[in-house]
Amino acid sequence: MTAIVPPFTLEGAIAKVRLAEDGWNSRDPERVSKVYTEDSQWRNRAEFPRGRKEIVEFLTRKWAKELDYRLIKELWAFGDNRIAVRFAYEWHDDSGHWFRSYGNENWEFDAAGLMQRRFASINDLPIKEADRKFHWPLGRRPDDHPGLSDLSL
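Sequence positions are assigned chain by chain, starting from 1 and proceeding in written order. Under the rules for a predicted model, residues below a pLDDT of 70 receive no local features and side-chain atom pairs below 80 are neither given nor counted, while totals for whole chains, interfaces and linings still include all residues. Computation of side-chain values covers all heavy atoms of the structure but excludes hydrogens and water.

## Details of the nonpolar core
Then comes step 1: Residues grouped as a nonpolar core are buried Ala, Val, Leu, Ile, Met, Phe, Trp, Tyr and Cys residues, joined through side-chain atoms within 4.5 Å. Residue exposure (1.4 Å probe, protein chains only): buried if accessible area is under 20% of the type maximum, exposed if over 50%, otherwise partly exposed. Of all hydrophobic cores here, the largest spans 27 residues; its most connected members are Trp24, Tyr36, Trp42, Leu59, Ile83, Tyr89 and Trp107.
Then comes step 2: Every helix listed is a DSSP run of H or I at least four residues long, and every strand listed is a run of E at least two residues long, numbered separately from the N terminus. Of all the secondary-structure elements, those providing two or more residues to this core are helix H1 (10–26), strand S1 (36–44), helix H3 (51–65), strand S2 (67–79), strand S3 (82–92), strand S4 (98–109) and strand S5 (115–127).
Then comes step 3: Element by element, the count of residues in this core is highest for S3, at 5 residues.
Then comes step 4: Throughout, a contact is declared for two residues whenever any of their heavy atoms are within 4.5 Å. The residues touching tryptophan 24, leaving out its near neighbours within four places in the chain, are Val32, Tyr36, Trp42, Leu59, Lys62, Trp63, Tyr69, Leu71 and Arg118.
Then comes step 5: Listed in part, the 7 residues of the second largest apolar core include Ile72, Ala88, Trp136 and Leu151.

## Focus on the pairing of S5
Then comes step 1: One ladder, built from 5 bridges, connects S1 with S5; its direction is parallel. Bridging from a neighbouring strand, glutamine 41 pairs with arginine 117 of S5.
Then comes step 2: Relative to S5, S4 is paired through 12 bridges, and the arrangement is antiparallel. Paired with serine 101 across the bridge in S5 is aspartate 124.
Then comes step 3: Connecting the antiparallel pair S4 and S5 is a turn made up of 5 residues, with glycine 113 showing a positive phi of about 90 degrees. Only strands joined by at least two bridges in the DSSP assignment are considered to pair.

## Section: unusual backbone geometry
Then comes step 1: For the bond from proline 6 to proline 7, the omega torsion is 0 degrees, close enough to zero to count as cis.
Then comes step 2: Of note, proline 7 is situated in the segment before H1.
Then comes step 3: Although it is not a glycine, aspartate 68 adopts a positive phi angle of roughly 55 degrees.
Then comes step 4: Summarising the element assignment, aspartate 68 is placed in strand S2.
Then comes step 5: Of note, serine 152 is a non-glycine position whose phi angle comes to about 55 degrees, a positive value.
Then comes step 6: Within the element layout of this structure, serine 152 appears in the segment after S5.
Then comes step 7: In this structure serine 152 comes out as exposed when scored by relative accessible area, which is 67%.

## Comments concerning the sheet that holds S1
Then comes step 1: Pairing in this open sheet of 5 strands is mixed, and the strands run S1-S5-S4-S3-S2 from one edge to the other. Each end of this open sheet is capped by a strand with a single partner; those strands are S1 and S2. Averaged over all pairs of adjacent strands, the angle between strand axes in this sheet comes to 20 degrees, irrespective of strand direction.
Then comes step 2: Every axis corresponds to a line fitted to the C-alpha atoms, with the helix fit spanning only the stretch in contact, and the corresponding angles, defined between N-to-C directions, vary from 0 to 180 degrees. Sitting on the sheet, H1 is in contact with S1, S2, S3, S4 and S5, with an inclination near 165 degrees to S2.
Then comes step 3: Against the sheet, H3 makes contact with S1, S2 and S3, and its axis sits at roughly 45 degrees relative to S1, the strand it touches most.

## Observations concerning the packing of aromatic side chains
Then comes step 1: Two aromatic rings from Phe, Tyr or Trp, using only the six-membered ring of Trp, form a pair when their centres are within 6.5 Å; if the ring planes differ by under 30 degrees the pair is stacked, by over 60 it is edge-to-face, and anything between is tilted. Per the counting criterion, the structure on display carries 11 aromatic pairs.
Then comes step 2: Judged by centre distance (5.6 Å) and plane angle (85 degrees), the rings of tryptophan 24 and tryptophan 63 are edge-to-face. With tryptophan 24 in helix H1 and tryptophan 63 in helix H3, the pair connects residues that are 39 residues apart, well separated along the chain. When sorted by exposure, tryptophan 24 lands in the same class as tryptophan 63, which is buried.
Then comes step 3: Ring plane angle 15 degrees and centroid distance 6.0 Å describe the contact between phenylalanine 87 and tyrosine 89, whose orientation is recorded as stacked.
Then comes step 4: Classification of tyrosine 89 as buried rests on a relative accessible area of 2%.
Then comes step 5: Joined through ring pairs, the aromatic side chains of Trp24, Tyr36, Trp42, Phe58, Trp63, Tyr69, Phe87 and Tyr89 make up one cluster.
Then comes step 6: Here, over-ring charges are defined by two tests on the NZ atom of lysine or the CZ atom of arginine: distance to the ring centre within 6 Å, and angle to the ring normal within 35 degrees. If you follow lysine 73 out to its NZ or CZ, it ends over the ring of tryptophan 24, 5.3 Å from the centre.
Then comes step 7: Arginine 132 extends its terminal NZ or CZ atom over the ring of tryptophan 98, reaching a point 4.1 Å from the ring centre.

What follows is the structure in structure tokens.
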């Protein structure tokens, strides 16, 4: 597959968002870190990871806490070398309490298509297991599974 690089088209931005979703749904911190620049800057809630090493450490902690994690991302806006997305993911803690986390991310890319900045704002909503909407096997969301807009999220 050819790298998706700026300036983004609508089709390229949609594809970039889906690739990011697929990577995060792998729950593989090393794989995910490879789409970020070596010196990538993040804001994720109250944490500010810098560079791939800190991104791997952050994601390792995240997925040790957020069990059975399933994520859907949706393009919100794009231009030149930036993409904005909205997302929701479902997970449970080690006590079996379920959550749906909602948020927005602003992404900035370098000329090679690697993400150099990621700013995320996230809120967690406790939900009952019966209220879950993301029911695919762990890993990539199937193409026929509804997206956020289809689920009225």
